[in-house]
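Here is what each chain is made of, one letter per residue.
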Amino acid sequence: GTPASMSRFRGALVAAVLGDCVGGEFEGAEEVPMETVLQHLSGLEDETKGNCVLEYSDDTAMTRCVVQSLLNRSGYDEQDLARRFAKEYSASPGRGYGSGVIQVLKKLASPQLVDVYQPARDQFNGRGSFGNGGAMRAAPFALAFPKLPDVKQFARLGAMLTHSCSLGYNGAVLQALAVHLSLQGALSLPQQFISRLITEMEEVEGEEEALRDARILKEAEKPFSERLHRVRDLMDRNKVSIEEVISELGNGIAALHSVPTAIFCVLHCLQPRDYLPENYGGLERTIAYSLALGGDTDTIACMAGAIAGAHYGIEAVPQRWMRCCEGAEDADMNAARLHALYHQTSQGG
Ligand code: F2R
Ligand code: MG
Ligand code: MG
């Protein structure tokens, strides 16, 4: 498809919902045999099952808030977004939120709150959260802003409402950058795609707070850049086992252990794989492979889904899968509205 086409916008937002909904089944599982994943996915194809409904979790609930806020305010408005997060949590607290972020969402509901970023700064004894909750909802920033510096700035600020540790908000910056590049068609040249991400993240992680947080947490000097180098090494290899992917990149709830992993899933599934059905296209392969890693499956599949959906477009999304996933139709409609906002902004409107 052409860069930034409507199909890519729809693919990105819908496939993120699919990843969350189908991935929820295995979240937290240590081992998920591919056979079990394929059985779960073939259940979505079963016409006799009638109205199968896979509910979305916090990943989609918060993404919907970001989308609604960007659309209603025609851009980033921290007060509006904070209010939406708080309202959504209070209306539907059972969506499987992280145990720490719940405290932030309760504080954001207070009408006395002056600085909406303060509750996030208070988390984990003032260190802030490094969870992947900022990254899992970052895709809409890439779908609203055509310019790369805006994508970086607003993905970061949008994440900082709940995640003040740089290892949390820089995961959101990386995820938004990956969707932004994929939307431009950059995945047609996978080596250049990963090199570009490394260059961008080297700059992002050169900031003082990032260097300090990495030192405190005893991570590599530039942790996301270092993981992206590992992604590049793994994608250059002919064969790589699931165990190696987990040990090199992780499959956990920290942004550092899940955003580079999601990017790897997309890159690895650009080609057919002998352990995945021949009739699967690239988007189905990406989601199936993300689930087979186990761990934080809903979130890794949601993030990989957004990047892959921006590459393959809506035509690659299986209709039957979409029919089973709560919120997929809504995401499709909102994607069209974001497409209009993006092109309005790119014309200086
Ligand atoms: N929370 C889950 N899944 C597990 C429970 C599901 C639910 N109870 C159920 O059974 O249905 N999934 C969702 O959470 C992840 C996103 O989490 P988020 O928004 O980043 O939350 P939080 O609380 O900020 O961070 C998550 C955990 O990471 C650890 N952590 C973070 N920062 C830390 C720090 N500075 N020091 C120490 N630990 C830190 C804590 O354990 C946090 O609770 C997604 O997977 C989403 O799907
Ligand atoms: Mg979730
Ligand atoms: Mg999760």
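Residues numbered from 1 in each chain as written. Chains lettered and ligands numbered in written order. Predicted model: local features only at pLDDT ≥ 70, side-chain atom pairs only at ≥ 80, totals over all residues. Heavy atoms only, no water.

## Some points on unusual backbone geometry
Thought 1: Positive phi outside glycine occurs at Ala 4, with the angle close to 55°.
Thought 2: For Ala 4, the location among the structural elements is in the segment before helix H1 (6-23).
Thought 3: Among the residues examined, Ala 4 registers a relative accessible area of 6% and is labelled buried.
Thought 4: Positive phi values are uncommon outside glycine, yet Lys 218 reaches one of about 55°.
Thought 5: You can see Lys 218 is positioned in the loop between helix H12 (208-216) and helix H13 (223-235).
Thought 6: The exposure class assigned to Lys 218 is exposed, which follows from its relative accessible area of 74%. (Helix = DSSP H or I, 4+ residues; strand = E, 2+ residues; numbered from the N terminus. Buried < 20%, exposed > 50% of the residue type's maximum accessible area, 1.4 Å probe, protein only.)

## Quick word on the side chain of Thr 261
Thought 1: Mapped onto the elements of the fold, Thr 261 is located in helix H15 (residues 259-268).
Thought 2: At 3.4 Å, the side chain of Thr 261 and the backbone oxygen of Leu 249 are in polar contact.
Thought 3: Beyond its immediate stretch of four places on either side in the chain, Thr 261 contacts Val 245, Leu 249, Gly 250, Leu 293 and Ile 300. (Polar contact = N/O pair within 3.5 Å; in protein donor to acceptor, adjacent residues only side chain to side chain. Contact = heavy atoms within 4.5 Å.)

## Quick word on the coordination of the magnesium ion (ligand 3)
Thought 1: Taken together, the protein ligands of the magnesium ion (ligand 3) are Glu 27 (OE), Asp 296 (OD), Asp 298 (OD) and Thr 299 (OG1), with distances of 2.0 to 2.2 Å.
Thought 2: What the 6 donor atoms of the magnesium ion (ligand 3) show is an angle range of 77 to 177° at the metal, which sorts the shape as octahedral.
Thought 3: Written as a sequence motif, the donor arrangement for the magnesium ion (ligand 3) is E-x268-D-x1-D-T.
Thought 4: The magnesium ion (ligand 2) is placed at 3.7 Å from the magnesium ion (ligand 3), the two being bridged by Asp 298.
Thought 5: Owing to a relative accessible area of 2%, Thr 299 belongs among the buried residues under this scheme. (Donors = N, O, S within 2.8 Å, 3.2 Å for Na, K, Ca; no water. Tetrahedral: all angles 85-135°; square planar, octahedral: opposite > 155°, others 65-115°.)

## Details of the side chain of Glu 88
Thought 1: With respect to the helices and strands, Glu 88 occurs in helix H4 (residues 78-91).
Thought 2: It turns out Glu 88 is buried and unbridged, and the closest side chain with the opposite charge, Arg 95, is 4.5 Å from it.
Thought 3: Contacts of Glu 88, omitting those with residues within four sequence positions, involve Ala 61, Cys 65 and Tyr 97. (Lys, Arg positive; Asp, Glu negative; His and termini not counted. Salt bridge = Lys/Arg side-chain N within 4 Å of Asp/Glu carboxyl O.)

## Focus on the layout of surface pockets
Thought 1: There is about 620 Å³ of room inside the largest pocket.
Thought 2: Mapped by element, the contributors of at least two residues to the lining of the largest pocket are helix H3 (58-73), helix H7 (123-126), helix H10 (166-183), H12 and helix H17 (297-312).
Thought 3: The biggest single contributor to the lining of the largest pocket is H12, with 4 residues.
Thought 4: Tallied by class, the residues present in the lining of the largest pocket amount to 12 nonpolar, 15 polar and 11 charged.
Thought 5: The space that makes up the second largest pocket amounts to roughly 210 Å³.
Thought 6: Lining the second largest pocket are 13 residues, with Met 235, Asp 236, Leu 267, Gln 271 and Arg 273 positioned closest to its centre.
Thought 7: Contributing elements (two or more residues each) for the lining of the second largest pocket: helix H11 (190-204), H13 and H15. (1 Å grid on protein atoms, 1.4 Å probe; cavity = no way out; pocket = protein on both sides within 12 Å on 5 of 7 lines; lining within 4 Å. Points joined across faces, edges and corners; volume = space filled by probe spheres on them. Nonpolar A, V, L, I, M, F, W, Y, C, P; charged D, E, K, R; others polar.)

In short, geometric facts, not functional conclusions.
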